[in-house]
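One letter stands for each residue in the lines below.
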Amino acid sequence: MAEPQSLDVPANGYLVVRASGAAAARAAILGGRKDPEDVQLLLRCPVPRVGRDSESGAKLTFADATLHLQPSGVVMLTVAAAKLSISFAELRPLMFRPVEVDAPLRALFAGAVAHVVAAGPRLDPHGLAHHLLGLAELVLRSALRVELDRVDALAARRREALEYMRAHLGEQSLGADKIAEALYISRRRLYQLFDDGQGVSERLKGLRVERAKALLADPAKAGRGIAEIARDCGFTSAPHFSRTFRRATGRTPREFRERALRG
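Now for a look at the structure at hand. Source: prediction; values computed, not measured. (Residues numbered from 1 in each chain as written. Predicted model: local features only at pLDDT ≥ 70, side-chain atom pairs only at ≥ 80, totals over all residues. Heavy atoms only, no water.)

Topic: the packing of helix α7 (residues 199–216) against helix α9 (residues 238–249)
Right, on to step 1. Look at α7 against α9: their axes get within 10 Å of each other, and the N-to-C directions meet at 95°. It follows that α7 is roughly perpendicular to α9 by the angle criterion. Seen from α7, the contacting residues are K205, V209, A212, K213 and L216; seen from α9, they are F241, T244, F245, A248 and T249.
Right, on to step 2. Class assignment for the residues of the contact of α7 with α9 results in 6 nonpolar, 2 polar and 2 charged. (Axes fitted to C-alpha atoms, helices over the stretch in contact; angles between N-to-C directions. Helix = DSSP H or I, 4+ residues; strand = E, 2+ residues; numbered from the N terminus. Parallel < 35°, antiparallel > 145°, perpendicular 65-115°, else oblique. Contact = heavy atoms within 4.5 Å. Nonpolar A, V, L, I, M, F, W, Y, C, P; charged D, E, K, R; others polar.)

As for the sheet that holds strand β1 (residues 14–19)
Picture the strands of a sheet paired through backbone hydrogen bonds; they go either parallel or antiparallel.
Right, on to step 1. The strand order β3-β4-β5-β2-β1-β6 describes an open sheet built from 6 strands, whose pairing is antiparallel. Looking at the sheet topology across the chains shown, the edges are occupied by β3 (59–61) and β6 (99–100).
Right, on to step 2. The pairing of strand β4 (residues 65–69) with strand β5 (residues 74–80) spans 5 bridges and is antiparallel. Considered in β5, the bridge of L67 is made with L77.
Right, on to step 3. Along the sheet face, helix α3 (residues 103–119) touches β2 (38–44), β3, β4 and β5 and points at about 100° away from the line of β4.
Right, on to step 4. Against the sheet, helix α4 (residues 125–167) touches β1, β2, β4, β5 and β6, its axis set at about 105° to β5. (Pairing = 2+ DSSP bridges.)

A word on the side chain of R208
Right, on to step 1. Of note, R208 is situated in helix α7.
Right, on to step 2. Comment: no salt bridge for buried R208; closest opposite-charge side chain is E171, at 7.4 Å.
Right, on to step 3. At a separation of 2.8 Å, a polar atom in the side chain of R208 contacts the main-chain carbonyl oxygen of E171. (Buried < 20%, exposed > 50% of the residue type's maximum accessible area, 1.4 Å probe, protein only. Lys, Arg positive; Asp, Glu negative; His and termini not counted. Salt bridge = Lys/Arg side-chain N within 4 Å of Asp/Glu carboxyl O. Polar contact = N/O pair within 3.5 Å; in protein donor to acceptor, adjacent residues only side chain to side chain.)

Re the nonpolar core
Right, on to step 1. With 42 residues, the main nonpolar core has L67 and F109 as its most contacted residues.
Right, on to step 2. Within the residue set of this core, elements represented by two or more residues are β1, β2, β4, β5, α2 (88–91), α3 and α4.
Right, on to step 3. For F109, the contacting residues outside a window of four places in its chain are L43, C45, V75, L77, L135 and V139. (Core = buried A, V, L, I, M, F, W, Y, C linked by side-chain atoms within 4.5 Å.)

Some words on helix α5 (residues 176–183)
Right, on to step 1. Along α5, the residues that are buried comprise A176, I179, A180 and L183. Down the axis of α5, the sector holding all buried residues measures 95°, keeping them to one side.
Right, on to step 2. Where α5 is buried, its residues meet α4, α6 (187–193) and α7.
Right, on to step 3. One or two steps after α5, the chain reaches Y184, where phi turns positive at roughly 60°. (Arc of directions from axis to C-beta.)

Examining the packing of aromatic side chains
Right, on to step 1. Applying the stated criterion to the full structure yields 3 aromatic pairs.
Right, on to step 2. Look at F245 and F256: their rings are 5.3 Å apart centre to centre, the planes differ by 80°, and that puts the pair in the edge-to-face class. Here the residue F245 occupies a position in helix α9, and F256 occupies one in helix α10 (residues 253–262), the gap between them amounting to 11 residues.
Right, on to step 3. Judged by relative accessible area, F256 falls into the buried class, the value being 15%.
Right, on to step 4. Feature note: the residues F235, F241, F245 and F256 constitute an aromatic cluster, connected by ring pairs. (Phe/Tyr/Trp six-rings, centres within 6.5 Å; stacked < 30°, edge-to-face > 60°.)

Observations regarding the pattern of salt bridges
Right, on to step 1. Under the definition given, this model contains 11 salt bridges.
Right, on to step 2. A salt bridge links R97 to E147; the shortest N-O distance between them is 2.4 Å. On the criterion of sequence distance, the pair formed by R97 in the loop between α2 and β6 and E147 in helix α4 is long-range, its members being 50 residues apart.
Right, on to step 3. Residues joined in a network through salt bridges with shared partners are R224, E228 and D232.

See the structure below:
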């Protein structure tokens, strides 16, 4: 079973990127104009003990970076946002949500952190600050690339699903099972494509209503009956169509048609 995730203790192998401070966090979530001063990377991964000085709970602070190994096993790296070559707007897809980090990058990050903690007191602080900034850049850029690729792939599959829905709206049997089968994905995967609160059935119903509105407003289709348009849009009956259409538009199909054709 997967471990619970939060903004403070992400699950093993997951990265959380957040703005530092409550005010900055609110601005980041709500789209404030001012970028935060600091960006925090929280990654839970096993950090090897390198040297006698390495210990759980270690903390190193520099001018533009702070490294903190928390007792929970989370590594928190805080860096000055202005020192990053990635703008805060570009980082927004990563903000305040757990993002999985692959094993090679986790191992590289954990090893670098272990060596910094072990040798940090004997190294130049300015050089270490630049080293930590570079480490943050590496993790952020790698995670951002993976996340953007994932989002692009989801968007492409979502478009495929919508195109299939539109092409088969007239089929009353059209539903989640049939759509998933046509796209060669599982029903669960299909629901993940539409996890924006509307879901598959509501999205399908919305597409059918939009198709019906277009047909009802078309003067060339004025001779077609309401029941015929209902069938063309995949509704099981004219009464079902009328109820659904009225809930969505505030008017019956007949009222909508009369006003659309007059206008």
